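Here is what each chain is made of, one letter per residue.
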Amino acid sequence: MKGGVAVLDFGSQYNQLIVRRVREMGTYCELFPGDAGLGEILTMEPSALILSGGPSSVYGDDAPRPAPGVLDVNIPILGICYGMQLLALHGKGRVEGGHQGEYGPALLHHRGDSRLFDSIESGLRAWMSHGDRVVMVPPEYDVVAWTDSLPIAAMANPERGRYGVQFHPEVNHTVFGRKLLENFVLGISGTGRNWNMETFAEEAVQKVRLELEDGGKVILGLSGGVDSSVVAALLHRAVPGRFVPIFIDNGLLRMGEKETVVKTFRDHFGMPLEVIDGSGEFLRALSGVSDPEKKRRIIGRVFIELFEKAASGIEGITHLAQGTLYPDVIESVSFKGPSATIKSHHNVGGLPERMKLKLLEPLRELFKDEVRELGLRLGLPPALVYRHPFPGPGLAVRILGDVTVADLEILRKADRIFVDYLKENDLYDEIWQAFAVLLPVRTVGVMGDERTYDRVIALRAVTSTDGMTADWYRMDSEHLAAISSAIVNNVKGVNRVVYDVSTKPPGTIEWE
């Protein structure tokens, strides 16, 4: 998309937040590597530039720097933390290390006459996270903000449209951060509000039609999750006669999952949905396997085999659609490079190169909340759009140990009781993700006058904004008691229920 704000990434852990905050004000924003060439950046035709923070020192031998000419462009520039230090160094100011770092909240005071702080009170809380600091601003710059321990917390050269802040306006801990970013983007740079899902949907449909204007068909592995469902709805609107979604039942789905997918996409939308029953193949391949990473690899391999077989029976396929989102793209272009692998990704990997299909990723510019908004505009049911995330390997990673038909039946029933209770008691939408886990242990219990020795179900419910971090949901004890009683009394083979109170980190949301 043309126009908007370009953000240069110098390794900040908050780079996604900068992009999100700008988009939230209705302005398009895109992230580039910190060393992206000027020509690459200008292809976007940005009306403003933001330099992110980062962990480096500007004087370090391997310190990331913008490409030649980038800081000389004739558009407004805002430097955040490390980005401010880059601006200072470029303008012949001075940056020093060796001072006591600031990590956490600080009260920020400002002069009151800078457009950057328009309608922002002095003395409000800002979030600091830096070691080095600017100790002398460049010529033509003024100091416009400070804290009790930081003499230069913001600087400005309004004639050239250059601004720098040592704090992080993109995080919620900076209470005036959103307003400051609006002052820069909408006020100082004059960037318009050019970003909404209605416009995006129209442009995305046109892009798909242009990509397929020479004929051909596009296929999609439809899981029934939010991302693939929105891709399906978009492709069905764009090229309804040349789009074939393929749903593979791996036998690891929740209760009623397959029926819901068929009802929604084949019956309601009228899509030519291909349904493949692969439950036997998956369960045979998983027999006796308890290691979670091996489970994921097996599921990925069998999925590809079945998907390739199904696709080979469809004539004229030229494109493969995937539900890649912008956080995935950001991770691949980040200055820091891809994060360390904690576990194999929930979603199954790509198809073999021998299929020779062109890749179509119509959601690659969107964050998760934007995908949900787009789904509603495309006519997807709200219950599907706002459903909790579900891992690609399905219940296989919620059964700790071997995966068996009997254990799948136990887990399906327990999970259904848990989720249905949350919906019936208006708790579901307060929670990011909720599910049941079947543990590989048995415990002694008493039911009636008889001793039991049965399985344990763990309940997991977390709150989150993006899944990167998560906190356990503080569920009322009366709700927990009711859910536990319903599971123990209605799921044969379970005599104990526990509640997971772990955060992410150090734990993960899923147990495997």
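Since the model is a prediction, treat every value here as computed from it, not as a measurement.

Asker: Looking at this model, I keep getting lost on the overall build of the chain. Mind explaining?
Answerer: Helices and strands together make up the secondary structure of the chain, namely 14 helices and 20 strands. The globule rule puts the C-alpha radius of gyration for 512 residues at 24 Å, and the 26 Å found for the chain is close to it. With respect to the three principal axes, the spread of C-alpha positions in the chain is 80 × 65 × 40 Å. Sorting the 512 residues of the chain into buried and exposed places 53% on the buried side. Across the chain, every contact between residues at least 6 apart in sequence was considered, and the portion connecting residues at least 24 apart equals 75%. Total accessible area computed for the chain in this model is approximately 22900 Å², and 50% of it derives from carbon and sulfur atoms.

Asker: I would appreciate a short explanation of the environment of Phe 418 in the present structure.
Answerer: Within the secondary structure, Phe 418 sits in helix α13 (residues 405-424). The exposure class assigned to Phe 418 is buried, which follows from its relative accessible area of 0%. Put simply, Phe 418 and Ala 310 are 108 residues apart on the chain and 35 Å apart in space, counted from C-alpha to C-alpha. With residues up to four places along the chain from it excluded, the contact list for Phe 418 reads Ala 434, Phe 435, Ala 436, Leu 459, Arg 460, Ala 461, Met 475 and Ile 483.

Asker: In this structure, what is going on with the packing of aromatic side chains? I would like to understand it.
Answerer: Centre-to-centre distance and the angle between the planes together describe a pair of aromatic rings. One pass over the structure, following the stated rule, counts 10 aromatic pairs. Aromatic side chains Trp 195 and Phe 200 sit 5.7 Å apart centroid to centroid with 70 degrees between the ring planes, which places their arrangement in the edge-to-face category. In terms of burial, Trp 195 and Phe 200 fall into one category: buried. Consider the rings of Phe 265 and Phe 269, whose centres lie 6.1 Å apart with planes at 20 degrees: the pair is stacked. Taking relative accessible area as the criterion, Phe 265 reaches 0% and is therefore assigned buried. Owing to a relative accessible area of 18%, Phe 269 belongs among the buried residues under this scheme. Clustering of aromatic rings is evident, with ring pairs tying together Tyr 28, Trp 195 and Phe 200. Across the ring face of Phe 435, the terminal group of Arg 398 is positioned such that the distance to the ring centre comes to 3.9 Å.

Asker: Can you walk me through the nonpolar core in this structure?
Answerer: Generally speaking, nonpolar side chains in soluble globular proteins are found buried as a group. One finds Phe 265 and Leu 374 to be the most contacted residues of the largest nonpolar core, which totals 69 residues. With eight residues, helix α6 (residues 226-238) is the largest single contributor of residues to this core. Leu 374 has contacts with Met 197, Phe 200, Ala 201, Val 230, Leu 363 and Leu 366, leaving out every residue within four places of it along the chain. With 51 residues, the next largest nonpolar core counts Ile 219, Leu 283, Val 419 and Val 497 among its residues.

Asker: Which parts of the structure should I look at to understand the sheet that holds strand β12 (residues 217-221)?
Answerer: Pairing within the open sheet is parallel, and its five strands lie in the order β14-β13-β12-β15-β16. This sheet does not close on itself; its edge strands, each paired only once, are β14 (274-277) and β16 (358-360). Averaged over all pairs of adjacent strands, the angle between their axes in this sheet comes to 30 degrees, without regard to strand direction. Seen against the sheet, α6 touches β12, β13 (243-249), β15 (317-321) and β16 and runs at an angle of roughly 160 degrees to β12.

Asker: Mind showing me how you'd approach α13 here?
Answerer: In an α-helix, one turn spans 3.6 residues; hence positions three or four apart end up facing the same way. Under the 1.5 Å per step criterion, the end-to-end length of α13 is 28 Å for 20 residues, consistent within 8% with the ideal 28 Å. The complete set of buried residues in α13 reads Asp 407, Leu 408, Ile 410, Leu 411, Arg 412, Ala 414, Asp 415, Phe 418, Val 419, Tyr 421 and Leu 422. Of the surrounding secondary structure, the elements contacted by the buried residues of α13 are α8 (279-286), β17 (433-447), β18 (450-463), α14 (477-490) and β20 (494-499).

Asker: What is the right way to read the pairing of strand β4 (residues 77-80) from this model?
Answerer: Strand residues, when the strand is regular, have side chains that alternate between the two faces of the sheet. Neither face of β4 is left uncovered, since the one carrying Ile 77 and Gly 79 and the one carrying Leu 78 and Ile 80 both have all their residues buried. The pairing of strand β3 (residues 48-51) with β4 spans three bridges and is classified as parallel. From the neighbouring strand, Leu 49 faces β4, where its bridge partner is Ile 77. Looking at chain direction, β4 and strand β11 (residues 162-165) are connected through four bridges and run parallel. The residue bridging Ile 80 from the neighbouring strand is Val 165, located in β11.

Asker: Is there a simple way to think about the side chain of Arg 372 in this case?
Answerer: Within the secondary structure, Arg 372 is located in helix α11 (residues 368-377). It is Asp 227 that comes nearest to the buried, bridge-free Arg 372 among opposite-charge side chains, at 7.1 Å. Contacts of Arg 372, omitting those with residues within four sequence positions, involve Val 226, Val 385, Tyr 386 and Arg 387.

Asker: What should I look at first to understand the packing of α13 against α14 in this one?
Answerer: Pairs of packed helices are described in terms of their axes, by the angle between the two and the distance that separates them. Closest axis-to-axis distance for the α13/α14 pair is 10 Å, and the angle between their directions is 150 degrees. Comparing their axes, α14 and α13 come out roughly antiparallel. Considering the relative orientation of α13 and α14, their crossing is right-handed. Here Ala 414, Ile 417, Phe 418 and Tyr 421 of α13 come into contact with α14, specifically with His 479, Ala 482, Ile 483, Ala 486, Ile 487 and Asn 490.

Asker: What am I meant to see in the environment of Met 155 here?
Answerer: Positionally, Met 155 belongs in strand β10 (residues 154-157). In this structure Met 155 comes out as buried when scored by relative accessible area, which is 0%. It is 9.7 Å that separates the C-alpha atoms of Met 155 and Leu 116, two residues lying 39 residues apart in sequence. Ignoring sequence-local partners within four residues, the contact set of Met 155 consists of Met 84, Leu 87, Ala 88, Val 137, Pro 138, Tyr 141, Asp 142, Val 144, Arg 162, Tyr 163 and Gly 164.

Here is what the cut-offs are and how they apply
- Residues numbered from 1 in each chain as written.
- Predicted model: local features only at pLDDT ≥ 70, side-chain atom pairs only at ≥ 80, totals over all residues.
- Heavy atoms only, no water.
- Helix = DSSP H or I, 4+ residues; strand = E, 2+ residues; numbered from the N terminus.
- Rg over C-alpha atoms; globule rule 2.2 N^0.38 Å.
- Buried < 20%, exposed > 50% of the residue type's maximum accessible area, 1.4 Å probe, protein only.
- Contact = heavy atoms within 4.5 Å.
- Areas by Shrake-Rupley, 256 points an atom, 1.4 Å probe, with all protein chains shown as cover.
- Phe/Tyr/Trp six-rings, centres within 6.5 Å; stacked < 30°, edge-to-face > 60°.
- Lys NZ or Arg CZ within 6 Å of the ring centre and 35° of its normal.
- Core = buried A, V, L, I, M, F, W, Y, C linked by side-chain atoms within 4.5 Å.
- Pairing = 2+ DSSP bridges.
- Axes fitted to C-alpha atoms, helices over the stretch in contact; angles between N-to-C directions.
- Expected span 1.5 Å × (residues − 1).
- Lys, Arg positive; Asp, Glu negative; His and termini not counted.
- Salt bridge = Lys/Arg side-chain N within 4 Å of Asp/Glu carboxyl O.
- Parallel < 35°, antiparallel > 145°, perpendicular 65-115°, else oblique.
- Left-handed = near helix turned anticlockwise from the far one by under 90°.

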